[in-house]
Structure formats: C-alpha cells, structure tokens
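Summary of the model geometry
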Amino acid sequence: MTETFTKDQIKEEIEKKLRRTTGLTPDEATPEDVYQAVGLTVKDLIMDRWAYSLKEVHRRNAKRLYYLSAEFLMGRALVNNMINLGLFDAYRDAVAELGFSLEAIEEQEADAGLGNGGLGRLAACFLDSLSTLEMPVTGCCIRYEHGLFRQRIVDGEQQEADDNWLEKGNLWEVARPDDKVEVKYGGHIEEVWTENGLKVNHSGYTSVMAYPYDMPVIGYDSKVPATLRMWEARAKTEIDMSYFNKGDYARAALESALVEAISQVLYPEDNHEQGRMLRLKQFYFFTSASMQFLVNSHRKNHGDLRTLPDHYTIQINDTHPTLAIPELIRILLDDEGMSWDEATEIAYRMFNYTNHTIMREALERWNENMFRELLPRIHKIVTVIDRKFRDRIWEKWPGDWGKMNDMSIINGGEIRMANLCIAVCGKVNGVSALHANILKTRAFRDFYILFPDKFLGVTNGITTRRWLAKSNMPLTGLIEQRIGRGFLKHYEEFEKLRGYMDDASFREEAAAVKFLNKEKFARYLQAKQGAEIDPSTMFDVQAKRLHEYKRQLLKILHILHLYYSLKVDPGMHVTPTTFLFAAKAAPGYYMAKEIIRLIGAAAQMINGDPQMAGKLKVVFIEDYNVFVAEHLIPATDVSEQLSTAGLEASGTGNMKFMMNGAVTIGTMDGANVEIHDSVGADDIFIFGAKVGEIEDMKRFCSYNPYKLYEESADLKRVLDSLINGALPVKDGRQFHDIYNSLLYGAQGQPDKYFVLHDFASYDEVYGRLCAAYEDRDRWMRMSAHNTICSGMFSSDRTIRQYAQDIWHLEGLY
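Calculation criteria
Residues numbered from 1 in each chain as written. Predicted model: local features only at pLDDT ≥ 70, side-chain atom pairs only at ≥ 80, totals over all residues. Heavy atoms only, no water. Helix = DSSP H or I, 4+ residues; strand = E, 2+ residues; numbered from the N terminus. Rg over C-alpha atoms; globule rule 2.2 N^0.38 Å. Buried < 20%, exposed > 50% of the residue type's maximum accessible area, 1.4 Å probe, protein only. Contact = heavy atoms within 4.5 Å. Areas by Shrake-Rupley, 256 points an atom, 1.4 Å probe, with all protein chains shown as cover. Pairing = 2+ DSSP bridges. Phe/Tyr/Trp six-rings, centres within 6.5 Å; stacked < 30°, edge-to-face > 60°. Lys NZ or Arg CZ within 6 Å of the ring centre and 35° of its normal. Salt bridge = Lys/Arg side-chain N within 4 Å of Asp/Glu carboxyl O. 1 Å grid on protein atoms, 1.4 Å probe; cavity = no way out; pocket = protein on both sides within 12 Å on 5 of 7 lines; lining within 4 Å. Points joined across faces, edges and corners; volume = space filled by probe spheres on them. Nonpolar A, V, L, I, M, F, W, Y, C, P; charged D, E, K, R; others polar. Disulfide = S-S within 2.5 Å. Patch = residues over 30% accessible without salt bridge, like charges linked within 9 Å, V, L, I, M, F, W, Y side chains within 5 Å. Lys, Arg positive; Asp, Glu negative; His and termini not counted. Charge placed at Lys NZ, Arg CZ, Asp CG, Glu CD. Axes fitted to C-alpha atoms, helices over the stretch in contact; angles between N-to-C directions.

Notes on the overall build of the chain
Within the chain, the regular secondary structure consists of 34 helices and 23 strands. At 27 Å, the chain has a C-alpha radius of gyration in line with the 28 Å of a compact globule built from 813 residues. Principal-axis analysis of the C-alpha atoms gives the chain an extent of 90 × 75 × 65 Å. Within the chain, buried positions represent 60% of all 813 residues. Partitioning the intrachain contacts of the chain with sequence separation of at least 6 by distance along the chain shows that 76% fall at a separation of at least 24. Surface accessibility of the chain: about 31300 Å² in total, with carbon and sulfur atoms responsible for 48%.

Structure representation (structure tokens):
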C-alpha cells in the first residue's frame, strides 16, 4: 500500500504544517522546526492507517498479540517510516527544495531511550515485521524518561551521563489518559469467604497511576501499523496540599517524586536493595497496567472474559514481564470473580515465553521477603502456583528432593521467574537451534522431560528495512538493480541474487559500495568524536553490550599480541587494520568497565606509536546506539562474534553485519551455527572450543589456564604487560584484576570464559582471515555470499514461525 504523494504535494504539506505549528516559513525555521513539521506530516499518513486498522481488527474479531518486553530499542523513526511508506525519495527531494538536507533533519531526532541491547532491538524488529505481515500487535513497555545512559570515554574510561531522550518530547506518541489504570503496591491482604466465594480485600496499599502513551510502528507497505504502548508512572495526587500550604514544599512533592522514579530510568542499578526493589516495581508496574488494559479492552469489545484466549495471545520476552502471569490470574480471581481453575486455565492458554539466557546467574530471581512485602497478593498467587506445580513434580519423580529443589518456583527464599514461566506458559522457545537444544538437554532438561511438547526453537531475525534499506541505501540500490525491490517485503527473494555470485561486475560494485560506506563512516566518526581512521584499512569490528562472556577481552589481548609481535619484528607482515570497539558496560559491572579501560590503554599505546602508523589502529566508539550502528555496520569488513560457546543464545548483531557484507569470525555459538550452515565453512571463520568441549572441561576440571600461560611465550608476554607497567595507565592503576581473573579466578575458577583456551585457535584462524582479505577477489566473493545468504535471518521469517507454531495468528490482509 505505497502512497502516491508527489514531491510537490509533500512540500506543500510540510510548509502548511510548519506555519500552523510554529508560525514560521522555511527560510525562518531551524532544523528542529523542520524536523517537527516533516515528522508530523509523516505521522499523519500513519495515523490514518492506524485508525482504520484498529477499527478493522474489532470488526473482524481478529486475534491480537500482546508482546511484553522491558525493552524496545526502536531507533530513530523519521527516515524508517518514510521508507516503509514508500515515500523516502519524495520527502528527501521536498526537504531539499525547502533548503535543508534530510540528513540534517534526521539529526534532530533522539534515539528513543527504551532499550539497551539485543533484547530491545529484537523486540523493535518484531514490531516492524508484525506490521509488515499485517498481524495485529500491541507491544507493552515502560515510557522511560531517561535511557540507560549516554556514554563518554574520558582518559580511556567509561563515564555515564544522563540520557534525557524526551527532553524535546516525542512527536510520534499519542497520550491516552482515558486508559489510565491504578497499580497497587504493599499493604495488607484479607481473604474472606462469602456465599459468592472468596472475597479479597486489599488495604493500606500505595497507589500508582499508570498513564499510557501509544506510538504507531509502520511496517513496509503495510495497512496495519503495530502499536507500542508505553506506560508512565504518576502519583495519584501530584502535590500534597496540606504540606505545601505549610511551606514544606519538598515533602509536598515527595510522594510524586518517589512514584515517578518507577518510569524514570531504564534498568536502575540493582547492586543495592533499593535498586532491586525499584526494578521489581518497574516490572510489576508495566505488566499490571498492560493486563488491566487488556481485560478492560476485551470486556468492552467482546464481553465474556472466558473467551480471552480466543482473542489474545501474550508473549513474554525474557523473564522481566513474568509478573503478567500472576497479575492476570489476580484480575480474573479478585476483580472478575472467577474460580482458581477457570482463571489459571485462561492464563495457561494465553501465555508463552521466550528464553534469552542459559547463564544461571542471569536468570531472574527475587528475594521472597521483598517480593511478599511489595506484592502481597501476587505472592499469594505465586505460592499457590508453586504448590500445585510441586505436586506435579512429586507425581513425576516421587521422593526426588533434588529435582524438587531445582524445578520449584519458590526455593531457598527466592522466587525464580524462569521456572514460573515454564510451569505456566504454553510454549517455551529458544532463539537459535543451538540455544533451543541447550534448553532441552542442559539448562531446563528436567522441565523438558516433564513438558516435551512445550519446547521449541525459533531463530531470531532482523528487519531488512532498517538494517539494509535505511542503513545501507547504496547496497539496497545495487540489489534492487539486479532483482527488484521485492526482497524488502519477501525475504525469500534474496535467493534471486545467487545468479549473480559469478558476476564479476556485481562483486566489484558491491566492493565499491563497501568502500563508499567506509569513507562515509570515517567522516562520521571524525565529526562525532574527532577520531581519524583510514578507509583503505580493514575495518575489524566488535560491537555489542560489554560482558565477559562476549569476550571483548579476547579481542584486545590478541591486538596486544599483534602489537608486541611487531615490536619484536618490525618487518613482520600484518594486514593494515583499524580495530573498532563499540560497547556499553553496565554502571555497576566492575570487570566490564576494566575491560573498557584496558582497551583505552591499548589504544593509547598503539595509536601513539609511530611504528604502527599504517599498520594497526584501535578506536573505541563512544555511546553506541541504533543510529551509530546504522553508520558502522555497513562499513564493517570483519564481524567479531567471540562469545564462549554455549553462552550466547542467538545474537542479532551477527546477522546485521552479515546482511551488510561483513565476514564473520566467531565461535560455534548462538546463531553463528546457522550462519555457518547457511554460508558454508569456506565463507565464515570458526575458531575455539565447541559446547561439548567446554562442558567436558567443566565436568572434569581439566582446564588449566596457568599451564597455557607458562607454555606460551606470546601469551605470557601479553598477560605480563597487564601488570608490569608496559601499558600507559592513570595513577599507576595496572590491570591486576583482569590478570588474576584469567590465571587464578574466584572460588577456584580461573578464566571462567575460556579466553586463554581459545587464544591460540583465534590467532591461527585470524591469520587465515587476513590472508583471505588480502585475496581481493576471494574476499569480494565471500562478502557477496554473506549478503545473499542473509535472507533467512529476516525477522519476517521469525515472525511467521512464531505465528504458525506458537501464536496461531494471521494477517488481516
């Protein structure tokens, strides 16, 4: 449903909107004024489709998905919406005639601070694909006033600054104050049996009002925009006038400030009790509000609440929204008067769960005392679910207290959210083939034995619209010249490119596009942070959330190895390379911040050494977000995917790099396995221990990193430099903690992520990668083949599988 507006019509609409919203003409307007006017004209087009599709969903009694996620990392909407409406060229030309560049106008838009990493970006891709496939969906999250943080690197160290992305407002959202609901915390629960059944009285609670803001998300050539519903926390009474009139202004506004903290910051630091309690408040806040709204909407449109599963399906994206399960049961029990069996049967039919981690320390769990104090009624409901689930475990494995302790929802003073999800949800999916297998055979093996039909794998995907059509217009244009534009809506059409694998002109043009993107990124980076990089060098990129299991440490240790080898033998051949890191470390994650500091120290040493000019350069890209990624990914030659085998559930960055023609070096982990299967062993560089080898080393305690250190002069030289003063550091702070973690570790567990074990393998494979890069024709073929094979990693394919195997959802058209 591509719009047919002409450039002149669009120009006229922008001018009218500019006059009516600012009282200005284009020659008087600032880029911010023009951004608002342009954005509002785009929004008008989307709103028409949105209003019609919402009405059509109700008319047809169509089933709707509620997608619950703590994060939706949307990126900037303006240009993406123009592309999906089929109006990018017309808008670009209209804006140019008004005296502005569209690039400058887009710079006025803030990245929405609603997410942090892959979890939120996946959710955003899903909304795009659901709309493209014209399937009705409401995504639900918190309207965070502040994003995670704005990152600055000062003297090689991460510093965090406020990310107030709503400072200028959000023109894409629509306030829905009539849909506000009340969320209750704390207080006392009294259960009274009456002739009509159990009556629950909740008294002495703290009331928080949840105000919704809706944002339409338009897919490609779609008549059915997705809805992103964002909840904002407000006090029931913003000002306590009794204190205000006494002149105690701080106390008058205290309750409002405490309440509004719930929706103030994405992922408040949780290394203290108040932070953990705030996170629990956040997760209950948006799940309670979302479930209340769902029930209210169903009652209004359909009446009988027993038909809820016929009209709605709910997906829990990781465990953060798990509280939606007991909250829906609470509403059906306490507010609607259903029996326990009726309420839980409805919940069991509606909920499904996507797992994103197998690391036990990352599986969400809550202190039971805190949980009981903050959510007394929810605690009672979870206790009953746990008791009934324990009965089922005991029936399957009578007398096996080990399994009871592992599988129960409440154990050892903790409430385990993944266990609650698996106990209740109809389907539980992993996000890659390997991850799904690990869930069945290792992480949740006993659950799989109990519920074999619940578990399945649905490999993640990315939207081609943002990660190709928007971020890499030259490559999109090249593909379109060969096979048409249908591949943006029908991912299967990527296969048409296979006929051009042996077309030298296609490979040459793709290589020219890559160099053009590298030049563009070099200009962008210089303007962004003053760093100068050479586009003629190989761009070797590791861009992802900083965590030890993702092994940015392995990469920087190897770079140090290359540097020290060049110092010993200045004539040694190396492929001229620019190493680019982009990552944020959680503010309280000490070791991650130490790794950033190490990267900074290595960069200072290498970049300051005249002998390295034209050979090696290291740059840390500040404040990595979606907009930065859209510049970086198309310019990348080498995609570093180095996670310890078995710990990365899937990854989606690997897919974005692949789609844009980067070649992967990585472990057989997550979706790397499926990328390997797709492109073949010759067009990906695999290194390191596989999952089975890692498991064997853990099981038999056979791994000795200190032995590797003693036996390898290269490894010893690199590690010793962390503590012997070789690296430039501030205030004499060497890297003893990193050194000790690798060789000695904590609780007798050195090198927990097998960095040193995989170092030699990585070094050998990296040498082969560099040789391939220097064989220009071979590399062009590898790069083109990666793009051609990337169609299967479209999120449209992912959503079709969810719709068929889990949601039983259909498109409206």
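Additional details are given in the paragraphs that follow.
Overview of the sheet that holds strand β20 (residues 616-621)
With respect to topology, six strands assemble into an open sheet ordered β20-β19-β18-β21-β22-β23, the strand pairing being parallel. At either margin of the open sheet sits one strand with a lone partner, and together these are β20 and β23 (685-686). Relative to β20, strand β19 (residues 577-582) runs parallel, the two sharing six bridges. What sits directly across from F579, in β20, is V618.

As for the packing of aromatic side chains
Taken as a whole, this structure holds 25 aromatic pairs when the rule is applied. On the basis of an interplanar angle of 85° and a centroid distance of 5.9 Å, the ring pair of F444 and F447 is categorised as edge-to-face. Side by side, F444 and F447 carry an identical accessibility label, which is buried. Ring centres 4.9 Å apart and planes at 15° place the aromatic pair Y802 and W807 in the stacked group. Each member of the pair Y802 and W807 is classed as buried. Clustering of aromatic rings is evident, with ring pairs tying together Y67, F72, F126, Y802 and W807. Over the ring of F451 we find K454; its NZ or CZ atom is 4.0 Å from the centre of that ring. A cation over an aromatic ring shows up here: K518 above the ring of F539, its NZ or CZ 4.8 Å from the ring centre.

Structural notes on the pairing of strand β1 (residues 64-68)
Of all five residues in β1, five are buried, a share of seventy percent or more. Taking every second residue as pointing to the same face, both faces of β1 are buried, with R64, Y66 and L68 on one and L65 and Y67 on the other. Here five bridges tie β1 to strand β11 (residues 312-317), and the two strands are oriented parallel to one another. Within the sheet, the bridge partner assigned to L68 lies in β11 and is I316. Across four bridges, β1 lies against strand β2 (residues 137-142) in parallel orientation.

Observations concerning unusual backbone geometry
Look at C701: it is not a glycine, yet its phi comes out positive at around 50°. Within the secondary structure layout, C701 lies in the loop between α28 (691-700) and α29 (705-711). We note that H808 has phi near 55°; this positive angle belongs to a residue other than glycine. The topology assignment puts H808 in the segment after α34 (795-807).

Observations concerning the pattern of salt bridges
Considering all chains together, one arrives at 67 salt bridges under this definition. Two residues, D386 and R390, come together in a salt bridge whose shortest N-O distance is 3.0 Å. Here R390 and D386 lie together in helix α15 (residues 376-396), a separation of four residues that amounts to about one turn. Given a relative accessible area of 22%, R390 falls into the partly exposed group. E695 is paired through a salt bridge with R442; the nearest N and O atoms lie 3.4 Å apart. With E695 in helix α28 and R442 in helix α18 (residues 433-443), this residue pair connects regions lying 253 residues apart in the sequence. Taken together, the shared-partner salt bridges in this structure form one network comprising K7, D8, K11 and E97.

Details of the layout of surface pockets
A volume near 890 Å³ is recorded for the second largest pocket. Taken together, 38 residues line the second largest pocket, and the ones lying closest to its centre are V79, F88, A469, K470 and M473. Broken down by secondary-structure element, the contributors of at least two residues to the lining of the second largest pocket are α3 (78-85), α4 (88-97), α5 (102-106), α20 (464-470), α21 (473-483), α22 (504-529) and α25 (626-632). For the lining of the second largest pocket, the residue count by class is 17 nonpolar, nine polar and 12 charged.

Focus: the state of the cysteines
On inspection of all chains with the given rule, the structure shows zero disulfides. Free of any disulfide, C421 has its nearest cysteine sulfur in C425, 4.8 Å distant.

Comments concerning a negative patch on the surface
A cluster of acidic residues, E145, D162, E167 and E260, forms a negative patch on the protein surface. Turning to its location among the elements, D162 is positioned in the loop between β4 (157-161) and β5 (174-175). Judged by its relative accessible area of 48%, D162 is partly exposed.

Topic: the sheet that holds strand β14 (residues 410-411)
Judged by pairing direction, the sheet is antiparallel, and its three strands sit side by side in the order β13-β15-β14 without closing on themselves. The outermost strands of the open sheet, each flanked by one partner alone, are β13 (365-367) and β14. In the sheet, β13 pairs with strand β15 (residues 414-416) via three bridges, with the strands oriented antiparallel. Bridge pairing in β15 links R365 to R416. Of the strands in this sheet, β13 and β15 touch helix α17 (residues 417-424), which is tilted by about 45° from β15.

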